[in-house]
There are 2 protein chains.
Amino acid sequence: MPKQVDYEERRLRIAEAVCALIARSGMEAVSLRDVAAEAEVSMGAVQRCFRTKEDMLLFALEHISQRVSERANQRIAATSTPQSAATLLSHTLAELALLDEESRDQAHVWLAFVSHAPSSERLAAVLQETYGKLHDLVAWLIHYGQDTQEIPQRLDAAQEAQTLLAVADGLTVHVIAGHQCPEAASAVLQRHVDSLLR
Amino acid sequence: MPKQVDYEERRLRIAEAVCALIARSGMEAVSLRDVAAEAEVSMGAVQRCFRTKEDMLLFALEHISQRVSERANQRIAATSTPQSAATLLSHTLAELALLDEESRDQAHVWLAFVSHAPSSERLAAVLQETYGKLHDLVAWLIHYGQDTQEIPQRLDAAQEAQTLLAVADGLTVHVIAGHQCPEAASAVLQRHVDSLLR
DNA sequence: GCGGTTATGATGCAAGTGCATCAGAAAAGG
DNA sequence: CCTTTTCTGATGCACTTGCATCATAACCGC
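None of the values given here were measured: they were computed from a predicted structure.

### Some details on helix 1 (residues 7-25) of chain B
Residue and element names in this part refer to chain B.
Logical step 1: With 19 residues, helix 1 ought to run about 27 Å at 1.5 Å a step, and its terminal C-alpha atoms sit 27 Å apart, in line with that.
Logical step 2: Among all positions of helix 1, only Ile-14, Ala-15, Ala-17, Val-18, Cys-19, Leu-21, Ile-22 and Ala-23 are buried.
Logical step 3: Looking at the packing, one finds that the buried side of helix 1 touches helix 2 (32-39), helix 3 (43-49), helix 4 (53-77) and helix 6 (104-116).
Logical step 4: Looking one or two residues beyond helix 1, the residue adopting positive phi is Gly-26, at roughly 85 degrees.

### A word on the environment of B:Cys19
All names here are of chain B.
Logical step 1: Relative to the helices and strands, Cys-19 resides in helix 1.
Logical step 2: Residues Cys-19 and Tyr-144 lie 125 residues apart in sequence; the distance between their C-alpha atoms is 34 Å.
Logical step 3: The contact partners of Cys-19, leaving out residues within four places of it in the chain, are Ala-60, Ile-64 and Val-109.

### Some points on the interface of chain B and chain A
Logical step 1: Each partner contributes to the interface: chain B provides 38 residues, whereas chain A provides 39 residues.
Logical step 2: The largest per-residue losses of area from chain B upon contact with chain A belong to B:Ala177, B:His179 and B:Arg191, which jointly make up 17% of the total buried on that side.
Logical step 3: Summed over the shared surface of chain B and chain A, the result is 2 salt bridges.
Logical step 4: One salt bridge in this structure joins B:Glu160 and A:Arg191, with 3.3 Å as the shortest N-O distance.
Logical step 5: For the side of chain B that touches chain A, the secondary-structure elements that each account for two or more residues are helix 6, helix 7 (121-147), helix 8 (157-176) and helix 9 (182-196) of chain B.

### Regarding the relation of the copies chain B and chain A
Logical step 1: The two copies are related by a screw motion: chain B maps onto chain A through a turn of 180 degrees and a shift of 0.0 Å along the axis, at an RMSD of 0.0 Å. Expressed as a symmetry operation, the mapping of one chain copy onto the other fits a two-fold axis. Minimal C-alpha distance to the rotation axis in chain B is attained by B:Gly170, lying at 1.9 Å.

Rules used in this analysis
- Residues numbered from 1 in each chain as written.
- Chains lettered and ligands numbered in written order.
- Predicted model: local features only at pLDDT ≥ 70, side-chain atom pairs only at ≥ 80, totals over all residues.
- Heavy atoms only, no water.
- Helix = DSSP H or I, 4+ residues; strand = E, 2+ residues; numbered from the N terminus.
- Expected span 1.5 Å × (residues − 1).
- Buried < 20%, exposed > 50% of the residue type's maximum accessible area, 1.4 Å probe, protein only.
- Contact = heavy atoms within 4.5 Å.
- Buried area = accessible area lost by both parts, 1.4 Å probe.
- Salt bridge = Lys/Arg side-chain N within 4 Å of Asp/Glu carboxyl O.
- Least-squares fit on C-alpha atoms with pLDDT ≥ 70 in both.

Written as structure tokens, this is what we have:
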């Protein structure tokens, strides 16, 4: 039996390289050569992992989608010390808004993919699915808050989730566009969550 | 005196072509040749109008920034039949969210520029300025609503303006990403404006 | 007309693109 | 050892890119 290679690991490594490149210099700066250099593999290796460039981008998007979702989910599951539903909600949303320094790259990448969704049906499908999951997550958190009496029953969880997600994404846009600093965005988000309570 | 040409008009024509291309197939599909073809001028003409490609993109961004701002401002100024501050606010925001069919292209273009702002300081500057204007506009509208007693005095106009803008932009993102249809987004926006009244 | 100025668009060019190809390296079984 | 099979990375290729060049065309005051 001949040489065997862990393709999954390499794919991940390449996906990370793609994200780093997008974050650093935008999506149109992503070429197979640059990706290979960034991932410190040869171009041939990249081509072996992904049949086409689009496949590669798609995988990278799936990768960061998964990372974002997972991070939010863990934040909830790993709540050892039981927190109030309100803080859980606001922390989760702050995470989803990708405001902190170390998520900045992911925010760039995410936005880059959104803005290219109209030109690629496959990208659009992944985005749609991820947004669906995030919506369900936020809606669930609101329901939870209603169960603990922190959030008024009269509110429609699904509708409020849409608004909350929109606020989070809008703030991401504002930060990337330089219209707001992350701290101000964080405050706006917090204020809006607070307005749901009471 | 030799041939004279209306450069301003041609620049606008080219800017429109750039926007059409971005909307149709994304920002990395914008090449000087394609722009020239779309604008139905020769490549030489494009090069004469803009020293570099970046200059061209910058002009295109300024163009649509101006269009969006102007449209919102006109909506307000041209209110012959005096409307309630509330409907004025919600209509203006619906316009800013670029939800209707004919603004869809502008939404794509806007988002494309935002996602490239990190790689170009000049683009970022234009975006920042435009966002500043839009914020002031929305804040003014809220103040106006407070003057007419439609919006509670206790609300901080500047803060609510940030949130409203974020909701609008977030919904734009959601529509482009295919997570919501324009009608649903419109409803979310309307609901959030309503929550400010009362 | 004519001269002088400006605009035009075809062409050239070097660099970069995604993808295909293929001689050879590497590894594991015989 | 050698064979067999997988993997590698350099190279080639056709194409596109942004930008520079320049002979020619278009124009207007004279």
